[in-house]
Amino acid sequence: MASSDKPSLLMRASDTIVRSWMFIAFFIGFFLFWEYAVVWFDIPRYILTPPSLIVQKGAADLDRLLYYTYVTGLETVLGYVVAIVLALPIGLAIAFSTILRRTIYPFLVCIEMVPKIAFAPLFISWLGFGLLPKVIIVFLVCFFPIVLNAILAFNSLSEELTRFARSTGASAWTTFLKIRLPAALPQCFVGFKYAAINATVGAAIAEFIGSDEGLGFYIQIVTGNMRPDLAFAGIFFLTLLGLGLFGIVTLAERLLIPWHISVRRTTH
Amino acid sequence: MSTLIDLAGVTKVFGSGAGAVHAFGPVDMTIEDGEFISLLGPSGCGKSTLMLMIAGLLGITKGEITLAGRNVTGPQTDIGIMFQDNTLVPWRTVRGNIDLQLEMRGIDPASREDDVEELLRSVHLEDFQERFPHELSGGMQQRAAFCQAMVHKPKTMLLDEPLGKLDAMTRENIRKDLQSLWMQKRPTVVFVTHSIEEAIQLSTRVAVITPRPGRIERIIDIDLPFPRDFDVKSSPEFTAYVRETQEIFRNYGVI
Ligand SMILES: Nc1ncnc2c1ncn2[C@@H]1O[C@H](COP(=O)(O)OP(=O)(O)OP(=O)(O)O)[C@@H](O)[C@H]1O
Ligand SMILES: [Mg+2]
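Just so it is clear, the model here is predicted, and its values are computed rather than measured.

### A look at the site of ligand 1
All names here are of chain B. Close to ligand 1 lie 13 residues; Ser-43, Gly-44, Lys-47, Ser-48 and Thr-49 are nearest. At 2.8 Å, a side-chain N or O of Lys-47 approaches an oxygen atom of ligand 1. In this structure, an oxygen atom belonging to ligand 1 sits 2.8 Å away from a side-chain N or O atom of Gln-84. Expressed as a share of its isolated accessible area of 630 Å², the protein-covered part of ligand 1 is 65%. Among the elements that make up the shell around ligand 1, the one with the highest residue count is helix 1 (residues 47–54) (three residues).

### Some points on the environment of Leu-178 of chain B
Residues and elements named next belong to chain B. Following the sequence through the fold, Leu-178 ends up in helix 5 (residues 168–185). Note on Leu-178: relative accessible area 8%, which makes it buried. Through-space distance from the C-alpha of Leu-178 to that of Arg-215 is 27 Å; in sequence the pair is 37 residues apart.

### Considerations on the coordination of the magnesium ion (ligand 2)
Residues and elements named next belong to chain B. The protein atoms that coordinate the magnesium ion (ligand 2) are Ser-48 (OG) and Gln-84 (OE1), at distances of 1.9 to 2.1 Å. Taken together, the positions of Ser-48 in helix 1 and Gln-84 in the loop between strand 6 (80–82) and helix 2 (94–104) put the pair 36 residues apart, joining distant regions of the chain. Given the relative accessible area of 22%, Ser-48 is considered partly exposed.

### Side note on the side chain of Thr-76 of chain A
With respect to the element layout, Thr-76 of chain A can be found in helix 3 (residues 62–96). Residue classification places Thr-76 of chain A among the buried residues on the basis of a relative accessible area of 2%.

### Observations regarding the interface of chain A and chain B
Contacts between the two partners involve 22 residues from chain A, matched on the other side by 25 residues from chain B. Both sides of the chain A and chain B interface together cover about 2100 Å² of buried area, and 69% of this is carbon and sulfur. Where chain A touches chain B, the interface holds one salt bridge. Ionic pairing is found between Glu-103 of chain B and Lys-178 of chain A, a salt bridge with its closest N-O pair at 2.8 Å. For the interface between chain A and chain B, the tally reads four residue pairs in polar contact (both at pLDDT 80 or more). Those elements that place two or more of their residues in the side of chain A that touches chain B are helix 7 (159–168), helix 8 (172–209) and helix 11 (258–267) of chain A. Tallying contributions element by element places helix 7 of chain A first for the side of chain A that touches chain B, with eight residues. In terms of residue class, the side of chain A that touches chain B is built from ten nonpolar, seven polar and five charged.

### Remarks on the state of the cysteines
Per the stated rule, a full pass over the model turns up zero disulfides over all chains. Residue Cys-188 of chain A stays outside any disulfide, its sulfur separated by 15 Å from that of Cys-142 of chain A, the closest cysteine.

### Digging into the packing of helix 5 (residues 120–127) of chain A against helix 6 (residues 131–155) of chain A
Residue and element names in this part refer to chain A. Between helix 5 and helix 6, the shortest axis-to-axis distance is 9 Å and the interhelical angle comes to 150°. The orientation of helix 5 relative to helix 6 falls into the category roughly antiparallel. Relative to helix 6, the crossing made by helix 5 is right-handed. Side by side, helix 5 and helix 6 meet where Ala-120, Phe-123, Ile-124 and Leu-127 of the first sit next to Leu-132, Pro-133, Ile-136, Ile-137 and Leu-140 of the second. Of the residues that constitute the contact of helix 5 with helix 6, the class distribution is nine nonpolar, no polar and no charged.

### Considering the pattern of salt bridges
Residues and elements named next belong to chain A. In total, this model carries 19 salt bridges over all chains according to the counting rule given. Where Asp-61 meets Arg-64, a salt bridge forms, and the shortest distance between an N and an O atom there is 3.1 Å. Taking relative accessible area as the criterion, Asp-61 reaches 16% and is therefore assigned buried. The exposure class of Arg-64 is partly exposed, given its relative accessible area of 38%.

### Here we look at the pairing of strand 8 (residues 188–193) of chain B
Residue and element names in this part refer to chain B. Within strand 8, six of the six residues are buried, leaving the element largely enclosed by the surrounding structure. Every second residue of strand 8 is oriented toward a common face, with Thr-188, Val-190 and Val-192 on one face and Val-189, Phe-191 and Thr-193 on the other, all of them buried. Inspection of the sheet shows strand 7 (residues 156–160) paired to strand 8 by five bridges, in the parallel sense. Looking at strand 8, one finds that Leu-158 is bridged to Val-190. Traced from strand 7 through helix 5 to strand 8, the parallel crossover comes out right-handed.

### A word on the packing of aromatic side chains
The description of two aromatic rings rests on the distance between their centres and on the angle between their planes. Residues and elements named next belong to chain A. By the definition in use, this model includes 24 aromatic pairs over all chains. Here the aromatic rings of Phe-96 and Phe-154 are separated by 6.2 Å at their centres, their planes lie at 50°, and the arrangement is tilted. Here Phe-96, found in helix 3, pairs with Phe-154, found in helix 6; they are 58 residues apart in sequence, far enough to count as distant. Since its relative accessible area comes to 43%, Phe-96 is described here as partly exposed.

### Topic: helix 5 of chain B
Residues and elements named next belong to chain B. Here helix 5 contains 18 residues, and its C-alpha end-to-end distance of 26 Å stays within 8% of the 26 Å for a straight helix at 1.5 Å per residue. Turning to helix 5, its buried residues number three or more, namely Thr-170, Arg-171, Ile-174, Arg-175, Leu-178, Gln-179 and Trp-182. In this structure, the buried residues of helix 5 make contact with strand 3 (36–40), helix 4 (138–150), strand 7, strand 8, helix 6 (196–202) and helix 7 (230–233).

### Regarding the packing of helix 3 of chain A against helix 6 of chain A
All names here are of chain A. The geometry of helix 3 relative to helix 6 is characterised by a closest axis approach of 6 Å and an angle of 35° between their N-to-C directions. As for how helix 3 packs across helix 6, the hand of that crossing is right-handed. A per-class count over the contact of helix 3 with helix 6 returns 25 nonpolar, four polar and two charged.

### What to know about helix 1 of chain B
All names here are of chain B. Within helix 1, seven of the eight residues are buried, leaving the element largely enclosed by the surrounding structure. Along helix 1, the residues classified as buried are Lys-47, Thr-49, Leu-50, Met-51, Leu-52, Met-53 and Ile-54. Two residues or fewer past helix 1, Gly-56 is found with a positive phi of approximately 75°.

Parameters at a glance
Residues numbered from 1 in each chain as written. Chains lettered and ligands numbered in written order. Predicted model: local features only at pLDDT ≥ 70, side-chain atom pairs only at ≥ 80, totals over all residues. Heavy atoms only, no water. Near = heavy atom within 4 Å. Polar contact = N/O pair within 3.5 Å; in protein donor to acceptor, adjacent residues only side chain to side chain. Areas by Shrake-Rupley, 256 points an atom, 1.4 Å probe, with all protein chains shown as cover. Helix = DSSP H or I, 4+ residues; strand = E, 2+ residues; numbered from the N terminus. Buried < 20%, exposed > 50% of the residue type's maximum accessible area, 1.4 Å probe, protein only. Donors = N, O, S within 2.8 Å, 3.2 Å for Na, K, Ca; no water. Contact = heavy atoms within 4.5 Å. Buried area = accessible area lost by both parts, 1.4 Å probe. Salt bridge = Lys/Arg side-chain N within 4 Å of Asp/Glu carboxyl O. Nonpolar A, V, L, I, M, F, W, Y, C, P; charged D, E, K, R; others polar. Disulfide = S-S within 2.5 Å. Axes fitted to C-alpha atoms, helices over the stretch in contact; angles between N-to-C directions. Parallel < 35°, antiparallel > 145°, perpendicular 65-115°, else oblique. Left-handed = near helix turned anticlockwise from the far one by under 90°. Pairing = 2+ DSSP bridges. Right-handed = clockwise from strand over helix to strand, strands pointing away. Phe/Tyr/Trp six-rings, centres within 6.5 Å; stacked < 30°, edge-to-face > 60°. Expected span 1.5 Å × (residues − 1).

What follows is the structure, given as structure tokens:
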């Protein structure tokens, strides 16, 4: 067994290297092009700055950038965690209650159509410039994908497994713990990941609309001051924040449902 | 021998109104305690439907099923069922999947360790117990599913095409194992299959089912000595049973 696994593993590894080698080359090429295009096409510095200058100026303003990353990060993480904590039990309740599925569920689907970010100015006018309105907006952006995927997850157990569970005479609780919950996790993670990607978007837009600190605030102010170099530095940290959150969720996925990841790996 | 399963006018219609599908019946049949009966019929004739109704997992539209003297109205928990699509869960190993059956029944798997080992050995999966289902071949998955369905030692087994995905050689091996298992413990087995030879080799009786809506066309008593090894299979009596069955299917136009 082990000997027949090895070559395929090696092949997969070299495959990955070849693929990412091309990706890295493209990535470097992109920034080199950017660097020199700014010079060749003589683009004014207040429109676009070369990457080297972004790094240089960003480093000079690092303290502020790091503090604002913390501020935006706090809003993002709080909103995201509250969304998970509320969405999972609500999703569960809807999945297992016919009454809720006929009342709250269609209501949620309707609200899902509304772009949540459109509420941002309202919340800021109601609640001011502080932390709370941002957390609420991040929460709104994250809540719906998580709850809708959770409902789907808990409702889509295969007929065969449902029958198997019934044939054992197990209680609803045992069936939930041993079959329904693990079977639902992959679909739940689809929601968690989608929400993780959108969480920083929500935080940044909320800050654009009204705030006195955070990366969204920073990007808006420096852009107003004709400093695209600093705006890009802010965008860079915002991206890091998003990647960080997504990375943590992906790590949790690997830890909680390794069997699912491994299935995907061997089928690709 | 006494009657274990009794079917009286059992009928299944899916849906209602214009879209209703008359899938099965009406069928009257009795299955004796300790017999090995095969349900043999073309695809879509209602074999799985019948099995699910006996197991109490699917409602009966008309008629009545009695299992061990009691009317079947809900899931029967003291039988072993091997479903047509296997019920191995991807997050557990082969061993874990077998233990799942025990855990669902509130039995501590540790107390059945020896039984599980023996069961795994009997289907030659002892070296694969720590593997996950997606690491197994289709045939190995089916054998693991068999262990999962049988680990609680049921006296009645409903097997829905348990050998369906196996290659001819493994299939022959498992048939042999299944036969010796049946000869030793004498459980009642209801066995669904598409294979005429398989049905005749394994069964005490073969119920030949018509195309949908499934009805019992004929029940053939297979009067051959056990174990039915290679010699029996090449005997003229065996061949005569095969011909008789093929004749029925030829008349339906399914072969
Ligand atoms: N849930 C359902 N709703 C409507 N029709 C169904 C349903 N389940 C089964 N049927 C129909 O009932 C008939 C019998 O189905 P069943 O699965 O019992 O056949 P089968 O004999 O097991 O076939 P196969 O050998 O292909 O497994 C089929 O024609 C099928 O289309
Ligand atoms: Mg079937």
